[in-house]
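Fold and geometry: a report
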Amino acid sequence: MRFEHLIVGGSAGAVSAVEAIRSVDKGASIAVVYDEEVPGYSRPLIPHFLAGELGLDGMMFRSMEFWSKNRVRLIHDAVVEVDPDDRVVKLAGGGRLEYGRMLLAIGGEPITPELEGIDREELYTFTTLEDAERISTRLSEAHRVAVIGGGFIGISLAEALTKRGKKVILIELKPRVLSQALDERASRILEGKMAKAGVEVLTGRAVAAVHREGGRTLRLELDNGEKRLSDLLVAAIGVKPKVHLAEEAGIAVNSGITVDEAMRTSIPEIYACGDVAEVYDFAHGLHRPLALWPVARGSGKIAGYNMAGLEALYEGATAMNAMNYFNAPIITAGLVNPKSPHLVLSRLDERGGSYSRIVLKDGLIVGFTLLGEVEQAGLLLYLMRRRIDVRRFKGKLLHPQFGLSALPQKVRREVLWK
Amino acid sequence: MKKVYANERLCMGCGLCEVYCLVAHSSSKDVVKAYLKERPKPVSRIRKEVHRSLSFAVQCRHCDEAPCVEACLTGAMNVDEKSGAVTHDPERCVECLTCVMVCPAGAIKVDRKLGVVAKCDLCATSGSPVCVEKCPNQALVYAEAPP
Ligand SMILES: Cc1cc2nc3c(=O)[nH]c(=O)nc-3n(C[C@H](O)[C@H](O)[C@H](O)COP(=O)(O)OP(=O)(O)OC[C@H]3O[C@@H](n4cnc5c(N)ncnc54)[C@H](O)[C@@H]3O)c2cc1C
Ligand code: SF4
């Protein structure tokens, strides 16, 4: 079988690409190969699923109708080999598909730590709906859960488990949680809220060894000799781009698949987007994987346009995260822990429960963190992305009423008169 | 498409648009009840800004290729195929704040009590934005292009 557009992966990037291709070309044949239980669910919602707040319906970012309405041939299988010379892929189920253009929207995979004394099956990860279901099934008998990793995924998992009434121990190697995305003060505020919710947050600690305690209970030995019991152990130490398929096909790969601004790989008819690809990070001025939902959606759309023959360029993004766990609304973006001299503005309002911090370099915003009051985050991100010199209104940036009115008329109109 | 535009020269910063917006999005539709009785308190989807002698009101810009629609984790933010307006479905919203992160106008309000975000819907049910109707100075217009 041959398809003009073959998309591998059925998640954020794939959905965007389908939408973009169809907006340009109503007639072209499109196939999507997906290997999870369902295509089109929202991965970031698995904590809500595990917490019992959303059922499968609520998880669906696009319903099954979406695919039929867009005349997409859905193929539930996995691509195991890409042959760019013949423009054909092999499927795990034995089939072969030919393509005109192909998009690799295959995402990332969880990194797992090396742990002694435990079988692989006993070390859970938390990146797919299936993971959430597997963990959920165990919760009827597991009461103490240890989570390794204090990043976004680990924290979201800790919250979901707390909501299910579990006793959670969160173990983070770095001296504080979210050490990449937050500054020290913001990390401490969040840790305080986690502790208040009953999570035992152990920072600057690693699991040195795991022993079986009897039944399915594990005894974790920490690097300082302390011990903790847990009925379930989940590693959430990060994800990495799933590059092996591309590597084997001879597609250029750095930490992720390297692409140009049209999301084209080193092989012109093969595109890549989302978590598996490297994109331009405008705050750091380099290309790197940014495993973020809006990036997968945005880059998938650009890939789709170009595949359908409409030229479009992806303008890049930066590390940017919105989160709302443990009653701490946080939005953070760009460079938040600068090493070289930068100007840092900050404001803490303990009574109002808010904290804001903005990092400036040569008159430009290069990073910020808002906690509590977050509604102006989008404007800060805009000023950062557009590289707008903020020196003239620097004094206003942290004001609770900071908004478009503090900006020069030209910038203001760009936003208001869209 | 038709949007609400603010005329900076006519706005006197009275804030009535915020009041009427809040009431229009309340369940009682009564100003006293909406402000004093309704819990959770309804949220205004328009924001009056004042800076020195400048004032105007801001709400969702209903952007083409809207960044919030692209960013939304759940599919709660969408584009109405007929009108082109950006719509928000609170039933699907999980208050993840991803849309807030990418809205350059700061036009998405966080309703922490209800656990959702809220934004201008152009008064879709009545078909005529109440902020425009009630602005005493005609500083808000509902038009195809900026004033
Ligand atoms: C718990 C969790 C919470 C998150 N929360 C947020 C958040 O709040 N905000 C945010 O911005 N981001 C969040 N993310 C990240 C976000 O989910 C990803 O950035 C996004 O899903 C990437 O989309 P994608 O389409 O690139 O890839 P993915 O969503 O990873 O999808 C790739 C798909 O391709 C399939 N696939 C892989 N190889 C093959 C193959 N050979 N054949 C067929 N199919 C294949 C995979 O199984 C998968 O279904 C979160 C992630 C996790 C795990
Ligand atoms: S807060 Fe609601 S509307 Fe905004 S991105 Fe999250 S789910 Fe979508």
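An account of the accompanying structure is given in this report. All values derive from a computational prediction rather than experimental measurement.

About the criteria used
Residues numbered from 1 in each chain as written. Chains lettered and ligands numbered in written order. Predicted model: local features only at pLDDT ≥ 70, side-chain atom pairs only at ≥ 80, totals over all residues. Heavy atoms only, no water. Pairing = 2+ DSSP bridges. Helix = DSSP H or I, 4+ residues; strand = E, 2+ residues; numbered from the N terminus. Axes fitted to C-alpha atoms, helices over the stretch in contact; angles between N-to-C directions. Contact = heavy atoms within 4.5 Å. Buried < 20%, exposed > 50% of the residue type's maximum accessible area, 1.4 Å probe, protein only. Lys, Arg positive; Asp, Glu negative; His and termini not counted. Salt bridge = Lys/Arg side-chain N within 4 Å of Asp/Glu carboxyl O. Polar contact = N/O pair within 3.5 Å; in protein donor to acceptor, adjacent residues only side chain to side chain. Near = heavy atom within 4 Å. Areas by Shrake-Rupley, 256 points an atom, 1.4 Å probe, with all protein chains shown as cover. Nonpolar A, V, L, I, M, F, W, Y, C, P; charged D, E, K, R; others polar. Buried area = accessible area lost by both parts, 1.4 Å probe. Phe/Tyr/Trp six-rings, centres within 6.5 Å; stacked < 30°, edge-to-face > 60°. Lys NZ or Arg CZ within 6 Å of the ring centre and 35° of its normal.

Take the sheet that holds strand β8 (residues 123–125) of chain A next. All names here are of chain A. Overall, parallel pairing links the 5 strands, which are arranged β8-β15-β9-β10-β11 in an open sheet. Only two strands of the sheet have a single neighbouring strand rather than two, namely β8 and β11 (200–203). Taking each pair of neighbouring strands and ignoring which way they run, the sheet shows an average axis angle of 25°. With respect to the sheet, helix α5 (residues 129–138) is in contact with β8 and β15 (232–235), its orientation differing from that of β8 by roughly 130°.

All names here are of chain A. Turning to its location among the elements, D77 is positioned in the loop between β3 (72–76) and β4 (79–83). At 11 Å, R73 is the nearest oppositely charged side chain to D77, a buried residue that forms no salt bridge. Polar side-chain contacts of D77 include one of 3.3 Å to the backbone nitrogen of A92. Setting aside its immediate chain neighbours within four residues, D77 contacts V33, Y34, D35, L91, A92 and G93.

What follows is about the site of ligand 1. Taken together, 31 residues lie near ligand 1, and S11(A), G13(A), D35(A), E36(A) and D275(A) sit nearest. Bordering ligand 1 are residues originating from chains A and B. Here an oxygen atom of ligand 1 and a backbone polar atom of A12(A) are 3.3 Å apart. Between ligand 1 and L292(A), the relevant distance is 3.1 Å, taken from an oxygen atom to a main-chain nitrogen or oxygen of the residue. Across the complex, the protein chains shield 91% of the 1,000 Å² of accessible surface that ligand 1 would expose by itself. Secondary structure elements with two or more residues in the shell around ligand 1: α1 (12–24) and α9 (293–307) of chain A. The leading source of residues in the shell around ligand 1 is α9(A), at 3 residues. Residue classes in the shell around ligand 1 are distributed as 18 nonpolar, 7 polar and 6 charged.

Let us now look at the environment of G316(A). All names here are of chain A. Tracing the sequence through the fold places G316 in the loop between α9 and β20 (320–325). For the pair G316 and K196, spaced 120 residues apart in the sequence, the C-alpha separation amounts to 38 Å. Here G316 is in contact with Y280, F282 and R385, once residues within four sequence places are set aside.

So, about the interface of chain A and chain B. How big an interface is tends to be reported as the loss of accessible area on association of its parts. With 46 residues of chain A in contact, the opposing surface of chain B contributes 41 residues. Roughly 3,500 Å² of surface becomes buried between chain A and chain B when both sides are summed, with 56% attributable to carbon and sulfur atoms. Our enumeration of links across chain A and chain B arrives at 5 salt bridges. The salt bridge involving E375(A) is made with K109(B); its shortest N-O contact spans 3.2 Å. Where chain A packs against chain B, one counts 17 residue pairs in polar contact (both at pLDDT 80 or more).

Residues and elements named next belong to chain A. Throughout the structure, instances matching the rule amount to 2 aromatic pairs over all chains. Arranged with centres 5.0 Å apart and planes meeting at 90°, the rings of F61 and W293 form a pair that is edge-to-face. Of this pair, F61 sits in the loop between α3 (56–59) and α4 (64–69) while W293 sits in helix α9, and the two are 232 residues apart along the sequence. Each member of the pair F61 and W293 is classed as buried. Above the plane of the ring of F61 lies R62, whose end atom (NZ or CZ) is 4.4 Å from the centre.

Residues and elements named next belong to chain B. Burial along strand β1 (residues 3–6) is two-sided: K3 and Y5 facing one way and V4 and A6 facing the other are all buried. Here β1 pairs with strand β8 (residues 140–143) via 4 bridges, running antiparallel. Bridge pairing links A6 to L140 in β8.

Moving on, we come to the environment of L360(A). Residues and elements named next belong to chain A. Examined against the element boundaries, L360 turns out to sit in strand β23 (residues 354–361). Judged by relative accessible area, L360 falls into the buried class, the value being 4%. As for L360 and P338, which are separated by 22 residues in sequence, their C-alpha atoms are 9.6 Å apart. Apart from the residues lying within four places of it in its own chain, the contact partners of L360 are H342, L343, L345, I365, V366, V390, K394 and L397.

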